[in-house]
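Next come the chains, spelled out residue by residue.
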Amino acid sequence: MSECVFCDKNKITTDIVYEDNVVMAFMDMNPINEGHILIIPKEHYLDIDEIPDEILSHLMIISKKIVSALKEIYKPNGYSIMQNGGEFNDIGHYHLHIFPRYKGDGFAWTYDGESKDVNEEAVKRIRERIC
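Position numbers for residues start from 1 in each chain and track the written sequence from start to end. Where totals are concerned, whole chains, interfaces and linings use all residues; where local detail is concerned, this predicted model gives features only for residues with pLDDT of at least 70, and gives and counts side-chain atom pairs only at 80 or more. As a convention, hydrogens and water are excluded, and side-chain values are obtained from all of the structure's heavy atoms.

## Some thoughts on unusual backbone geometry
Positive phi values are uncommon outside glycine, yet K75 reaches one of about 50°. Helix and strand labels come from DSSP, where a helix needs a run of H or I of at least four residues and a strand needs a run of E of at least two; each type is numbered from the N terminus. The topology assignment puts K75 in the loop between α1 (53-74) and β4 (78-82). A simple rule labels every residue: compare its accessible area, found with a 1.4 Å probe on the protein chains alone, to the largest value its type can have, and call it buried under 20%, exposed over 50%, or partly exposed in between. You can call K75 exposed: its relative accessible area is 60%.

## Examining α1
Residue count minus one, scaled by 1.5 Å, sets the expected span of a helix. Its 22 residues place the ends of α1 31 Å apart at the C-alpha level, agreeing with the 32 Å of an ideal helix rising 1.5 Å per residue. Any two residues whose heavy atoms approach within 4.5 Å are treated as being in contact. For α1, the elements touching its buried residues are β1 (16-19), β2 (23-27), β3 (37-41), β4 and β5 (96-101). Looking one or two residues beyond α1, the residue adopting positive phi is K75, at roughly 50°.

## Thoughts on the confidence of the model for the chain
A score from 0 to 100, pLDDT tells how confident the predictor is in each residue. The pLDDT averaged across the chain works out to 93; a share of 98% of its residues lies at or above 70. Confidence scores differ between elements of the chain, with helix α2 (residues 120-130) showing the lowest mean pLDDT of 89 and α1 the highest of 98.

## Observations regarding α2
Of all 11 residues making up α2, only 0 are buried, and the element is barely covered by its neighbours. Looking at where α2 begins, the residue whose side-chain oxygen comes 3.0 Å from the main-chain nitrogen of E121 is N119. N or O atoms within 3.5 Å of each other form a polar contact, as long as, within protein, one can give a hydrogen and the other can take it, and as long as residues adjacent in sequence are counted only when both atoms are side-chain atoms.

## Side note on the packing of aromatic side chains
Here a pair means two rings of Phe, Tyr or Trp (six-membered ring of Trp) with centres within 6.5 Å. Their orientation is stacked below 30 degrees between planes, edge-to-face above 60, and tilted elsewhere. All told, the structure shown has 2 aromatic pairs when counted by the stated rule. Where F6 meets F26, the ring centres are 5.2 Å apart and the plane angle is 75°; that geometry is what we call edge-to-face. Note that F6 is positioned in the segment before β1 and F26 in strand β2, a separation of 20 residues in sequence. This pair shows no difference in class: F6 is buried, exactly as F26 is. Ring plane angle 80° and centroid distance 5.1 Å describe the contact between F99 and F107, whose orientation is recorded as edge-to-face. Note on F99: relative accessible area 0%, which makes it buried. Taking the relative accessible area as the measure of exposure, F107 reaches 27% and is therefore partly exposed.

## Here we look at the pattern of salt bridges
Side chains that differ in sign of charge can pair as their charged atoms come close. Each reported salt bridge corresponds to a side-chain nitrogen of Lys or Arg within 4 Å of a carboxyl oxygen of Asp or Glu. Within this structure, the stated rule accounts for 3 salt bridges. In this structure, K42 and E19 form a salt bridge, with 2.7 Å as the shortest nitrogen-oxygen distance. Placement of the pair is K42 in the loop between β3 and α1 and E19 in strand β1, with a sequence separation of 23 residues. Of the charged contacts, one joins R101 and D105 as a salt bridge, the two residues approaching to 2.8 Å between their closest N and O atoms. D105 gets classed as partly exposed once you look at its relative accessible area, which sits at 22%. Residues participating in the shared-partner salt-bridge network are K9, E19 and K42.

Written out as structure tokens, the structure reads:
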């Protein structure tokens, strides 16, 4: 198995915009829009539910600062924050995407469009686990 590219700072070949002892943020190498930033915990985690609360809280505080900077610099119509977990995490290290959005920028949330019913039993089970 190859070493995680995000666990070795020297393998990150794009500009780092923020770093402390807990998280690092850097420009995405394949940006959706200019200003697209990835923020990662320095420790290796795959999914959000594996990250200790204090690290996750810090990551979100830095994300908020990044959003403020993007809004000031790029004057976007909005922004998106997204993260893919499990098999959909193509890097294998938790990373949060933050990028400015503009009307007509072509980025879209797509799915099959089929209407789905709410599973009341699933709702009950979820509530039980998070309360």
